[in-house]
Amino acid sequence: MTDTTSLPCAPGTDEPLVSFQGKTPYDDYVHASVLSSLQRPLTNDPNEMPFLVTTQVMELWFTLVVHEWRAAQDALVKDDHERVMDALRRSISAHHALNDSLGPIARMTPAQFNGFREAFGAASGFQSAKYRQLEFLLGDKSRSLMNPQRADPGAYAELEELLNRPSLYDAVLGYLHRRGLPVPEHVLQRDVTGPYEADPGVEEVWRQIYAGPQNDPLLDLGEALTDIAELVLRWRGDHLLATRRAMGSKAGSGGSSGVEWLEKRAARPVFPELWTARGHV
């Protein structure tokens, strides 16, 4: 979009419009000047700017992934398979970009990280409200994980809403039930404010889908969810490795145990029965 060939031309000419009242329509729409004003390094260390930009870009990708998963949830409730798949596929593309966005800081050495680490004080990725929304949508819920947002009414309310509504996976299981598959009633009626726990009855549902016709649209749904689960696991693993590379076993800036905390989070399952059912097909 930054090439002049993509800009609107004045009527009757082949020249792009270059004169506007105030900001350009591009900036009015994209708010590029706002985005570019948000990088405010606190040190002169050359590694702080890549760290800051990368972190902000990841927050934008979190926002898009959450948007697409919520769109998929809404479509599942309406039994609109085509819209579900469209939203999940868009989220997969966005998650690939999220995973790739770690690149600029993935190989930071301890000395490079230490050059600006003290400047951000107690700030930590653990405090990201948007990433917590992402995990709640996956079904990895805990009210205690909302504590960093207690003093931020807007962020806390958004997490509260997601805590109390079914996760993306819960919505999928409800959809499979309405399609006639034997999802156990106790799973459908579970307390959605707690973390999802694997169930053998759900494993059997996925086994039936994967053992059935290979052109079944429900198998395509399972594979899209598996793609998402794999991307989430890779993101967690890559984030863990980047953190270990930059700070080793030091305590996290936000008071967590650092790498040890990330190791525990990285090991948490995502859509567990989609993985275990494969061993029974």
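One can find the structure itself at the top, above this paragraph.
## Concerning the packing of aromatic side chains
Okay, so step 1: All told, the structure shown has 13 aromatic pairs when counted by the stated rule.
Okay, so step 2: When the ring of Phe 62 is compared with that of Trp 235, the centres are 5.8 Å apart and the planes differ by 80°; the resulting orientation is edge-to-face. Of this pair, Phe 62 sits in helix H3 (residues 48-77) while Trp 235 sits in helix H11 (residues 217-247), and the two are 173 residues apart along the sequence. Comparing Phe 62 with Trp 235 shows no difference in burial state: the two are buried.
Okay, so step 3: A network of ring pairs unites the aromatic residues Phe 51, Phe 113, Phe 116 and Phe 120 as a single cluster.
Okay, so step 4: Of note, Arg 278 hangs over the ring of Trp 275, and the distance from its end group to the ring centre comes to 5.8 Å.

## Quick look at the layout of surface pockets
Okay, so step 1: Considered as a void within the structure, the largest pocket measures approximately 1100 Å³ in volume.
Okay, so step 2: Along the wall of the largest pocket there are 41 residues; nearest its centre are Phe 51, Ser 124, Gly 125, Phe 126 and His 239.
Okay, so step 3: Listed by contribution, the elements that provide at least two residues to the lining of the largest pocket are H3, helix H5 (110-117), helix H6 (129-138), H11 and helix H12 (259-266).
Okay, so step 4: At eight residues, H3 tops the list of elements feeding residues into the lining of the largest pocket.

## As for the packing of helix H8 (residues 168-178) against H11
Okay, so step 1: In contact at an axis separation of 12 Å, H8 and H11 are set at 170° when each is read in the N-to-C sense. Taken together, the axis directions place H8 and H11 in an arrangement best described as roughly antiparallel. From H8, Val 172, Tyr 175 and Leu 176 reach across to H11, where they touch Leu 218, Leu 221 and Leu 225.
Okay, so step 2: Taken together, the residues of the contact of H8 with H11 sort by class into six nonpolar, no polar and no charged.

About the cut-offs
Residues numbered from 1 in each chain as written. Predicted model: local features only at pLDDT ≥ 70, side-chain atom pairs only at ≥ 80, totals over all residues. Heavy atoms only, no water. Phe/Tyr/Trp six-rings, centres within 6.5 Å; stacked < 30°, edge-to-face > 60°. Helix = DSSP H or I, 4+ residues; strand = E, 2+ residues; numbered from the N terminus. Buried < 20%, exposed > 50% of the residue type's maximum accessible area, 1.4 Å probe, protein only. Lys NZ or Arg CZ within 6 Å of the ring centre and 35° of its normal. 1 Å grid on protein atoms, 1.4 Å probe; cavity = no way out; pocket = protein on both sides within 12 Å on 5 of 7 lines; lining within 4 Å. Points joined across faces, edges and corners; volume = space filled by probe spheres on them. Axes fitted to C-alpha atoms, helices over the stretch in contact; angles between N-to-C directions. Parallel < 35°, antiparallel > 145°, perpendicular 65-115°, else oblique. Contact = heavy atoms within 4.5 Å. Nonpolar A, V, L, I, M, F, W, Y, C, P; charged D, E, K, R; others polar.

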